[in-house]
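# Remarks on the overall topology
As a plain string of letters, each chain reads:
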Amino acid sequence: MRILLTGSSGWLGSALAPLLRGIGHEVIGIDPLPSAETRIVGSIADRDLVMRAVGENRIEAIIHSGALHKPNIESHANSDFIAANVQGTLNLLDAAVAANVQRFVFTSTTSLMISQAIRDGFKGGARKAAWLTEAMSPEPRNIYGVTKLSAEHLCRLYHLRHGLPVVVLRTARFFPEPDDMAHAIEQSDANTKANELLFRRLTVDDAAQAHVAALEKAPELGFDIFIVCAPTPFQPGDCADLIADAPSVVARYFPEFPALYARKGWTMFSSIDRVYDASRARDRLGFACKTSFADVLAALAALAAEDGT
């Protein structure tokens, strides 16, 4: 297929474009920043540019991964988020309908699922971790979440009004940058990212593969929303213990973890406040991330074996 990929110069786009080409698709990248994966340099907020890009390139599918993100809140006005994340999505949906595009995949975020009430609960000593699924009704706490949820609603509307097949992927963390609260986290960046694979992270390669799965399944699904995250070993019944003593819960599932972490000089978070449940993507989309916390432990065990410890 001829695919328009937004955000083609970004972290996900740079991984997704070569993956799509490798399985035979033609990829036309669009991004405000130039890169090897970007054919069209410009903003999706430019309606005329989007309409031309879709029509003139005879686009058959759109993967919309471009957006202003949470870190941009510090440097951009709310109106910039509306332009990029809402108007940009609307422009793409209108162009898709006008050009009879057959598939639309939208990269959303699990961040929009954390309301201010949930955030305050984390800060104020919640009694148990939040178990988060697609069934909850999101109440985003910042302009990033509000605009991503608004874009999700537009995607649903265009499916209902025009029959456009749309799959929304609420991706957990896969960015390479350190946590924006790194100053308040005792673990190193690598240690933090390893821990997060238990409950709120995936690799960028898995994120890219999820988009391929969504692209293939969109006509069959019609419209659907999926959390995409590394599979968690935890169960809802663990949520109170995850708040009280996360290391003991992790050790229950991975008895080898304390010794392997000790050899590395790593520690587990004392408390885990949320778990993203990606089982619906496994069951309906047929997708599960390949990399999990178990792979981290396997790598640490291999290193220990090489060192003879």
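Parameters and conventions
- Residues numbered from 1 in each chain as written.
- Predicted model: local features only at pLDDT ≥ 70, side-chain atom pairs only at ≥ 80, totals over all residues.
- Heavy atoms only, no water.
- Helix = DSSP H or I, 4+ residues; strand = E, 2+ residues; numbered from the N terminus.
- Buried < 20%, exposed > 50% of the residue type's maximum accessible area, 1.4 Å probe, protein only.
- Contact = heavy atoms within 4.5 Å.
- Areas by Shrake-Rupley, 256 points an atom, 1.4 Å probe, with all protein chains shown as cover.
- Lys, Arg positive; Asp, Glu negative; His and termini not counted.
- Charge placed at Lys NZ, Arg CZ, Asp CG, Glu CD.
- Phe/Tyr/Trp six-rings, centres within 6.5 Å; stacked < 30°, edge-to-face > 60°.
- Polar contact = N/O pair within 3.5 Å; in protein donor to acceptor, adjacent residues only side chain to side chain.
- 1 Å grid on protein atoms, 1.4 Å probe; cavity = no way out; pocket = protein on both sides within 12 Å on 5 of 7 lines; lining within 4 Å.
- Points joined across faces, edges and corners; volume = space filled by probe spheres on them.
- Nonpolar A, V, L, I, M, F, W, Y, C, P; charged D, E, K, R; others polar.
- Pairing = 2+ DSSP bridges.
- Axes fitted to C-alpha atoms, helices over the stretch in contact; angles between N-to-C directions.

Taking an unreviewed UniProt entry as the reference, the protein is identified by name as NAD(P)-dependent oxidoreductase belonging to Mesorhizobium salmacidum.

Turning our eyes to something else, we now look at the overall build of the protein. Secondary structure assignment for the protein yields eleven helices and nine strands. Within the span of the protein, comprising 309 residues, buried residues form 51% of the whole. Within the protein, contacts between residues separated by at least 24 positions form 76% of all contacts whose residues are at least 6 apart in sequence. Carbon together with sulfur atoms contributes 52% to the accessible area of the protein, which is approximately 13,700 Å² in total. Side chains of the protein give 30 positive and 35 negative charges; the mean places of these two sets differ by 4 Å.

A separate point is the packing of aromatic side chains. In this structure the tally under the stated criterion is seven aromatic pairs. The interplanar angle of 80° and the centroid separation of 6.2 Å between the aromatic rings of F199 and F269 together place this pair among those described as edge-to-face. With F199 in the loop between helix 6 (189–196) and helix 7 (204–221) and F269 in the loop between helix 9 (257–264) and strand 9 (274–276), the pair connects residues that are 70 residues apart, well separated along the chain. Given a relative accessible area of 3%, F199 falls into the buried group. Among the residues examined, F269 registers a relative accessible area of 11% and is labelled buried. Arranged with centres 5.2 Å apart and planes meeting at 65°, the rings of F254 and F293 form a pair that is edge-to-face.

Turning our eyes to something else, we now look at the side chain of N57. Inspection of the secondary structure puts N57 in the loop between helix 2 (47–56) and strand 4 (61–64). A distance of 2.8 Å separates a polar atom in the side chain of N57 from the backbone oxygen of A53. Not counting chain neighbours up to four residues away, the residues in contact with N57 comprise R2, I28, R39, I40 and R52.

We now examine the side chain of Q187. Here Q187 lies in the loop between strand 7 (166–171) and helix 6. By relative accessible area, which is 9% here, Q187 ends up buried. Polar contacts involving the side chain of Q187 include one to the side chain of T267, which spans 2.9 Å. At 3.4 Å, the side chain of Q187 and the backbone oxygen of M268 are in polar contact.

A few words now on the layout of surface pockets. Taken as a whole, the second largest pocket holds about 190 Å³ of empty space. Per element, the largest residue contribution to the lining of the second largest pocket is three residues, and it comes from helix 10 (residues 279–285). Class assignment of the residues belonging to the lining of the second largest pocket gives a composition of eleven nonpolar, three polar and two charged.

Pairing is parallel across the open sheet formed by seven strands, whose spatial order is 3-2-1-4-5-7-8. Of all strands in the sheet, those bounded by a partner on one side alone are strand 3 (40–41) and strand 8 (223–228). Of the pairings in the sheet, the one linking strand 1 (residues 2–6) to strand 4 comprises four bridges and is parallel in character. Bridged to L4 within strand 4 is I62. Seen against the sheet, helix 1 (residues 11–22) touches strand 1, strand 2 (26–31), strand 4 and strand 5 (103–109) and runs at an angle of roughly 170° to strand 1. Running over the sheet, helix 5 (residues 143–162) touches strand 5, strand 7 and strand 8 and is turned about 160° from strand 5.

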